[in-house]
Every structure is written in structure tokens, then in C-alpha cells.
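# Analysis of the macromolecular model
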Amino acid sequence: MNHFARTNWTVRGWLALAALLLSSPAWAQRLPGSRLKDGADVLKVFKPVVAQAAEATVRVRRGERELALGTIVATDGYILTKASELEANVTCRLPDGREFDAALVGIHHDYDLALLKIEAEGLPVIAWQDSREPRVGQLLATPGDGAAPVAVGVLSVADRRIPQQRGVLGISIAEGNEGPEITQVHPESGAEKAGLQAGDIIKAVAGSVISSGRALTENIEKFRPGDRLQLVIRRGESEQTLEAILGYPGINPLNRGDLQNLMGGELSLRRGGFPAAIQHDSVLDPKDCGGPLVELSGKAIGINIARAGRTESYAIPARDVIAILDDLKSGKLAPPPALASTSQASAESSGPVLPRVAGK
């Protein structure tokens, strides 16, 4: 066995032993929290790995609320981020503390990527690792808006298509004389958060007139979890327009995976329906998606796009991101005219308006 082979076996052996020990509840209880995988001591070790990529990572915010991370992809202010986390009047805060209003340039619905533009020049740009395929088992890190990464992990599954469940509004209905009437609004659903009430009659969804419960179901099923839909309802003698974010089907208490995901923390609004994605076990907050995912060389192998489970996060591979950048910049993937005009008018005043856009 040559020296390289022995070294490679030793590294793999130690990583396997560490994984085994850390998976033991008794061992984990003896370790101080700072030394667990995402503890302060471990993250500190990865500072040099993320140093360069962190300079090209921004924080996308609305006011003081953090929505996502963003990745600088051009020196003149083009920034990629996660589309379904965007809201109205967002800004991008650079690592040097400067903050800029951001205008919406393009959206790729399938990959859930949005391209923003800020009025800045000479910005550091992310370095891509696109010369080879990422390897299952390699160590990865997620830069944040500080010196240390926000998470580290291991590439779990090579890139593959991630299927998408249908979106759920979160209501029960009955057929009424004027259309489907809400009989129940489910707790913690998009319907409840939008302000829908029992007795409301749904008249339109995303611009389509609704005349029956079947029509309502067929229209909702066209959209993904995380999509934001305009609803026209009749409440009493008046009509109102509300906006609801579709969610996922409810948690099945008999499904162990559902329960583990629920205990693992908040998941991304949209976490499926991607043509290709890398899976890794970094524990990300949804607000830490949209930024780069780097290997030990410090180069980005993709853009983090979703926290999908307790130990499942997805990233769009670098080759796919690079392939759509020109289309995003050129206008081929521009927002619909209504969104584009709203964004432009806002950019000329107080900042962009970036409503969530329903999927295809």
C-alpha cells in the first residue's frame, strides 16, 4: 500500500470513527456543545475554508428581518438568492457593512433562484468549482455574513432530481350557492396566516374564476408549496383580496420521518421540485439558504436552496447555476410584466417590490 493510499484510508477511517462516536447519545452528552458538528469550536476551524467565499456572500433583508443569503456573481452588483423567500422592499447587506436596495432582474422557477441587482461596482465574485463532479462523502461548508461558516457538513447524495409535492392551502370546504364555502381553516396553515375564515366564499385564485370545489382543487394543485397566491373571497356582502402562501401536507404523527423533521427545526417554504440538487447534511436555517456551498478548496460547488429535513439540505449544482446565469441577466427569465414594472417603479422610489411568484 503506497503512502497516498495509506493516508487516504487513515482519513476515511478517522471520519468514520468520528461519525460513529458522534452518533452515540452517550458520547454526544459528554461532548460540550461547542465541539459538536455545528458548534463554535468546529466552525472556527473552517474559517480559512470560507474566507474567500464569504467576501462574495451577502445578507438579503427586509428591514431588520433576515430573509436569505445571496451570492455575488458579477462585479457590477448581480446577486443570486432563493426566490421563494423574497418579500417586498428587500436590501442586500455586503460583508463590509454597506447596504443597497435591490431590484429584481429575473426568476428561474424550476430552480427557485432569483437574480437581484444592486447599484455597486468592483464587488468580489464567487469562485466556482465546475471542473469536476462533487464527491459523496466530501466535507462542505456554508459561508454566512461573518468570518465563520454558518454550518458544515458532508455531501450525502450526488445530484438528482428532487420531486415536488403539491401545495396545500389548509382549508375544508363545502359547495355553496355562490361557490366553494370554507367550513374550517386549519391551524398554522397558509389560509390561517392569510386571514381566511369559516364562511368565506372563494371567488378567484391567481386570476382564475372559481365556481366549484373541484375547480378550486384543480387550481391549487397547479402550484407548489411556498408559492404565494392572490385569493378573491366574498365575506358577507363585500369582496376582499387576500394573499396566501401554500404549504405542505400536514405532519403524519405515525410517520417517524415526519416527526424527526418537525423536531429538527424550521424547514424551507419550498424544498422540492428541483431539476437537479446536491443533498448534504448541513443543518441550515431557511434564512441561510441562497448563499454558496463550498468544498475544502474554498470554491463553490453550488447554491444552497433549501432546508428539507432534519439532516437534509439541498444545493443547486454549480454547473446548473452557471448554465442559467446569462439567461437571468439577459431578460429571458425576466419576471412577468406586472412584477417587472412594479419592481422598476419601486427601485426608483424606496426599493424593490418582490412578491413571491407562483411556479409554472
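For the structure, see preceding data.
Quick caveat, the model's predicted, so the values are computed rather than measured. (Residues numbered from 1 in each chain as written. Predicted model: local features only at pLDDT ≥ 70, side-chain atom pairs only at ≥ 80, totals over all residues. Heavy atoms only, no water.)

## A few points about the overall build of the chain
Helix and strand counts for the chain stand at nine helices and 19 strands. Looking at the chain as a whole, 44% of its 360 residues are labelled buried. Counting only contacts in the chain whose residues sit at least 6 apart along the sequence, the fraction spanning at least 24 positions is 63%. With the model as given, the accessible surface of the chain reaches about 17,400 Å², and the carbon-plus-sulfur share is 53%. (Helix = DSSP H or I, 4+ residues; strand = E, 2+ residues; numbered from the N terminus. Buried < 20%, exposed > 50% of the residue type's maximum accessible area, 1.4 Å probe, protein only. Contact = heavy atoms within 4.5 Å. Areas by Shrake-Rupley, 256 points an atom, 1.4 Å probe, with all protein chains shown as cover.)

## Digging into the sheet that holds strand β2 (residues 65-72)
Strands sit in the order β5-β4-β1-β2-β3-β7-β6 across an open sheet of seven strands; the sheet is antiparallel. Edge strands, defined here as strands with exactly one partner in the open sheet, are β5 (99-101) and β6 (103-108). This sheet shows a mean twist of 35° between the axes of neighbouring strands, independent of strand direction. Here five bridges tie β6 to strand β7 (residues 113-117), and the two strands are oriented antiparallel to one another. From the neighbouring strand, I107 faces β7, where its bridge partner is A114. (Pairing = 2+ DSSP bridges. Axes fitted to C-alpha atoms, helices over the stretch in contact; angles between N-to-C directions.)

## Notes on helix α6 (residues 213-220)
Those residues of α6 not exposed but buried are G213, A215, L216, N219 and I220. End-on, the buried residues of α6 take up no more than an arc of 160°, which puts them together on one face. On its buried face, α6 sits against β10 (171-176), β11 (179-185), β12 (201-205), β13 (208-209) and β14 (228-235). (Arc of directions from axis to C-beta.)

## Observations concerning the side chain of D200
Tracing the chain through its elements places D200 in the loop between α5 (190-194) and β12. Given the relative accessible area of 1%, D200 is considered buried. A polar contact is formed between the side chain of D200 and the backbone nitrogen of Q197, at a distance of 2.7 Å. Here the side chain of D200 touches R235 through a polar contact of 2.8 Å, side chain to side chain. (Polar contact = N/O pair within 3.5 Å; in protein donor to acceptor, adjacent residues only side chain to side chain.)

## So, the packing of aromatic side chains
All chains considered together, the criterion is met by one aromatic pair. With 6.4 Å between their ring centres and 75° between their planes, F274 and Y314 make a pair best called edge-to-face. You can see F274 sitting in strand β16 (residues 274-280) and its partner Y314 sitting in strand β19 (residues 312-317), a full 40 residues away along the chain. F274 sits in the buried class, given a relative accessible area of 0%. The ring of Y78 has K117 sitting right over it, with the charged end atom 5.5 Å from the ring centre. (Phe/Tyr/Trp six-rings, centres within 6.5 Å; stacked < 30°, edge-to-face > 60°. Lys NZ or Arg CZ within 6 Å of the ring centre and 35° of its normal.)

## Structural notes on the pattern of salt bridges
Taken as a whole, this structure holds 24 salt bridges when the rule is applied. One salt bridge in this structure joins R228 and E243, with 2.6 Å as the shortest N-O distance. A residue pair is termed long-range when its members are at least 10 positions apart, and R228 in strand β14 and E243 in strand β15 (residues 238-245) qualify at 15 residues. Salt bridges sharing common partners tie together R59, E66, R93, D145, K287 and D288. (Salt bridge = Lys/Arg side-chain N within 4 Å of Asp/Glu carboxyl O.)

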